[in-house]
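# Analysis of the macromolecular model
Below, each chain spelled out in residue letters.
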Amino acid sequence: MEVSNYSELIRGDRVRANTPPEINQAIDTEIAAMVRFYASKTDYEIGKRIEELDKEWDIGRIMEIRASTVSLIGIILGLKRSKIWLILPTMASTFLLMYAVQGWCPPVSILRRFGFRTRQEIDLEKYALKALRGDSEKIAL
């Protein structure tokens, strides 16, 4: 079965739903290119790529790290320098709440343009590679 629109396979992904279609298309194209590239590789090379995908940070994890870092910096600067710095943890918390509820906030747009993927997009590539390797019966969806 050939799939031309990968978004059919990634339903319910709030980040994709709130990302401009051209960015989703660029990410889908990259996934398809990687799968095509590994189609001619050995099982060992495919396995190495799957290991890389298992370690790849998804956009949710990036958002959590960024919010935590900005919050800590804002709190430290707020206590040491000026209370105005407390706006940083307020903004970070607001953006993280928006992300949790809607799947979107301003930093997500920037991160998506840099190619950061959702867990579902990473898993899509991983499952396609597992199917290429022939262990598709072990894939739990």
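Its volume calculated, the second largest pocket comes out at about 160 Å³. In this structure, the second largest pocket is lined by Met-63, Arg-66, Ala-67, Val-70, Leu-88, Met-91, Ala-92, Phe-95, Leu-96 and Pro-107. Tallied by class, the residues present in the lining of the second largest pocket amount to 9 nonpolar, no polar and 1 charged.

Okay, the environment of Ala-26 next. With respect to the secondary-structure elements, Ala-26 resides in helix H2 (residues 21-38). Under the relative-accessibility criterion, Ala-26 is labelled partly exposed at 48%. Separated by 86 residues in the primary sequence, Ala-26 and Arg-112 have C-alpha atoms spaced 10.0 Å apart.

Right, let's talk about the packing of aromatic side chains for a bit. In total, this model carries 1 aromatic pair according to the counting rule given. Centre to centre, the rings of Phe-37 and Tyr-38 are 5.0 Å apart; their planes meet at 85°, and the pair counts as edge-to-face. The exposure class of Phe-37 is partly exposed, given its relative accessible area of 44%.

Counted under the stated rule, the structure contains 13 salt bridges. Between Asp-58 and Arg-119 there is a salt bridge, with the nearest N and O atoms lying 3.7 Å from each other. Of this pair, Asp-58 sits in the loop between helix H3 (43-55) and helix H4 (59-80) while Arg-119 sits in helix H7 (residues 119-133); the two residues are 61 residues apart in sequence, bridging distant segments of the chain. Residue classification places Asp-58 among the buried positions, given a relative accessible area of 16%.

On to H3, then. Here H3 is 13 residues long and its end C-alpha atoms lie 19 Å apart, about the 18 Å a rise of 1.5 Å per residue gives. All buried positions along H3 are accounted for by Ile-46, Gly-47, Arg-49, Ile-50 and Leu-53. Mapping the buried residues of H3 onto a view down its axis gives an arc of 160°, with all of them on the same face. With respect to the buried face of H3, the exposed residues turned more than 90 degrees away are Tyr-44 and Lys-55. The elements touched by buried residues of H3 are H2 and H7.

Now for the environment of Trp-104. With respect to the helices and strands, the residue Trp-104 is situated in the loop between helix H5 (87-102) and helix H6 (106-113). A relative accessible area of 26% means that Trp-104 is categorised as partly exposed. Here the alpha-carbon distance between Trp-104 and Val-15, two residues 89 residues apart in the chain, equals 6.0 Å. Non-local contacts of Trp-104, meaning those with residues more than four positions away in its chain, are made with Asn-18, Met-98, Tyr-99 and Ser-109. One polar contact links Trp-104 to Ser-109, side chain to side chain, over a distance of 2.9 Å.

Quick notes on the rules
- Residues numbered from 1 in each chain as written.
- Predicted model: local features only at pLDDT ≥ 70, side-chain atom pairs only at ≥ 80, totals over all residues.
- Heavy atoms only, no water.
- 1 Å grid on protein atoms, 1.4 Å probe; cavity = no way out; pocket = protein on both sides within 12 Å on 5 of 7 lines; lining within 4 Å.
- Points joined across faces, edges and corners; volume = space filled by probe spheres on them.
- Nonpolar A, V, L, I, M, F, W, Y, C, P; charged D, E, K, R; others polar.
- Helix = DSSP H or I, 4+ residues; strand = E, 2+ residues; numbered from the N terminus.
- Buried < 20%, exposed > 50% of the residue type's maximum accessible area, 1.4 Å probe, protein only.
- Phe/Tyr/Trp six-rings, centres within 6.5 Å; stacked < 30°, edge-to-face > 60°.
- Salt bridge = Lys/Arg side-chain N within 4 Å of Asp/Glu carboxyl O.
- Expected span 1.5 Å × (residues − 1).
- Arc of directions from axis to C-beta.
- Contact = heavy atoms within 4.5 Å.
- Polar contact = N/O pair within 3.5 Å; in protein donor to acceptor, adjacent residues only side chain to side chain.

Any functional reading would require information that these geometric values do not contain.
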